[in-house]
There are 2 protein chains.
Amino acid sequence: MATVGEVSESTPSWDPYTRGCPSRDVLDQIGSKWAVLVMGELGRHGARRFTQLRQQLGGISEKMLTQTLRTLERDGLILRTVYPEAPIRVEYELTPLGQTLRGPLKALTEWSTQHIEEVVDARKKYDERTEK
Amino acid sequence: MATVGEVSESTPSWDPYTRGCPSRDVLDQIGSKWAVLVMGELGRHGARRFTQLRQQLGGISEKMLTQTLRTLERDGLILRTVYPEAPIRVEYELTPLGQTLRGPLKALTEWSTQHIEEVVDARKKYDERTEK
DNA sequence: CTGAATCCGCTATGATACTG
DNA sequence: CAGTATCATAGCGGATTCAG
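Note that residues are indexed from 1 along each chain, following the sequence as it is written. All chains are assigned letters beginning at A, and all ligands numbers beginning at 1, according to the order in which they are written. Confidence filtering applies because this is a predicted model: local features only for residues at pLDDT of at least 70, side-chain atom pairs given and counted only at 80 or more, and all residues used for totals across whole chains, interfaces and linings. Water and hydrogen atoms play no part in the side-chain values, which are based on all heavy atoms of the structure.

Going by the annotation in an unreviewed UniProt entry, the name recorded for chain A is DNA-binding HxlR family transcriptional regulator, with Actinoplanes octamycinicus given as the source organism.

1. Structural notes on the environment of Thr-71 of chain B
Inspection of the secondary structure assignment puts Thr-71 of chain B in helix α4 (residues 62-74). Expressed as a C-alpha distance, the spacing of Thr-71 of chain B and Arg-102 of chain B, which sit 31 residues apart in the sequence, is 17 Å. Only DSSP runs of H or I reaching four residues or more are called helices, and only runs of E reaching two or more are called strands; each is numbered from the N terminus.

2. Some thoughts on the packing of aromatic side chains
Only rings of Phe, Tyr and Trp enter the pairing, Trp through its six-membered ring, and a pair is recorded when the two centres are within 6.5 Å. The plane angle decides the type: under 30 degrees is stacked, over 60 is edge-to-face, the rest tilted. Within the structure shown, the criterion is met by 0 aromatic pairs over all chains. To sit over a ring, a charge needs its Lys NZ or Arg CZ within 6 Å of the ring centre and within 35 degrees of the ring normal. Looking at Arg-89 of chain A, its charged tip hangs above the ring of Tyr-83 of chain A, at a distance of 4.0 Å from the centre.

3. Digging into helix α2 (residues 33-44) of chain B
Residues and elements named next belong to chain B. An expected span of 1.5 Å times one less than the residue number is assigned to each helix. Counted at 1.5 Å a residue, the expected span for α2 with its 12 residues is 16 Å, and the 17 Å between its end C-alpha atoms agrees. A large share of α2 lies buried, amounting to 10 of its 12 residues. Here α2 has its buried residues at Trp-34, Ala-35, Val-36, Leu-37, Val-38, Met-39, Gly-40, Glu-41, Leu-42 and Gly-43. Think of it in three bands: with a 1.4 Å probe and only protein chains considered, a residue is buried below 20% of the maximum accessible area for its type, exposed above 50%, and partly exposed in between.

4. What about the pairing of strand β2 (residues 78-83) of chain A?
Residues and elements named next belong to chain A. In this scheme, strands are said to pair when DSSP sees at least two bridges between them. Where β2 meets strand β3 (residues 89-94), 6 bridges bridge the pair, whose relative direction is antiparallel. Counted as the bridge partner of Tyr-83 is Arg-89 from β3. With antiparallel pairing between neighbouring strands as the criterion, β2 and β3 make up a hairpin whose turn holds 5 residues.

5. Examining the pairing of strand β3 (residues 89-94) of chain B
Residues and elements named next belong to chain B. Burial within β3 is extensive, with 5 of its 6 residues counted as buried. One ladder, built from 3 bridges, connects strand β1 (residues 47-49) with β3; its direction is antiparallel. Within the sheet, the bridge partner assigned to Arg-48 lies in β3 and is Tyr-92.

6. Considering the protein's contact with DNA strand C
Any residue with a heavy atom lying within 4 Å of a molecule or strand is counted as near it. Neighbouring residues of DNA strand C: 17 residues in total, closest Thr-51, Arg-70, Arg-80 and Tyr-92 of chain A together with Lys-63 of chain B. Each atom of DNA strand C within 4 Å of the protein belongs either to a base or to sugar and phosphate, the latter forming 60%. Polar contact is defined as a pair of N or O atoms within 3.5 Å, subject to the rule that within protein one atom must be able to donate a hydrogen and the other to accept it, and that residues adjacent in sequence are counted only when both atoms are side-chain atoms. Measuring from a phosphate oxygen of DNA strand C, one finds a side-chain N or O atom of Arg-70 of chain A at 2.6 Å. Counting residues per element, the surface near DNA strand C draws most heavily on helix α4 (residues 62-74) of chain A, which supplies 4 residues.

Written as structure tokens, this is what we have:
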């Protein structure tokens, strides 16, 4: 994911859309496959545990889940709480900042569900038109 | 990018959020780095040519640009028009369907610009808290 | 239970050269 | 100009193993 925002006609020597633009990094991250799913899951429910997420996300490896959670935590989007019980329990939930992202994310996913048929249709036509 | 939409508590055996769900494919694509930039560029201007895009996107390789454009075209989001002049001219522009995506995309990118400082700040604190 | 660490194949991406 | 073809490479992401 990356910024779609305003880019001036006069492209600056330091292009804000390639490297070095922070907002690009963020969107690349939250736009990644698992990050969206994790955010979505934590958005719908209040707090989830590691294994709980792992199961409900269906198919994510421990490595990727950990990696995704760490990055989101670092970005201040989710909160990680450790309960030193036995066995240990760790819960993840959206931070206030993370909450503000729910809207934009929802807009995009709703678009996908609303227009998916048109896209599938377009693909079909494109393929027919092409592969012969 | 992936669907953040409604997932039921009772995860079905065929998990709509992993593989096989069309809307996931779409979001993964339009959420990709270059796709967002291309859509943004074509959204702000009416129509752009290949080289024009290549320059304004700053740093994209010909291969990636072609690939991105092809996929977006296949998904029915952009229109590709060839003018058989000499030298040849090809223009790309958003389709009506592509236009409907501008809003959601804008919401996300605006979020990133509005909250980028909080994120950067969170990262800084996380790093300080961690690396020692 | 939660996750860190490691190995590793595969794909995505980029640089380059070539074509219509 | 607008690509295609080829090759090289980094890093994603998965499987497995180990640890607190």
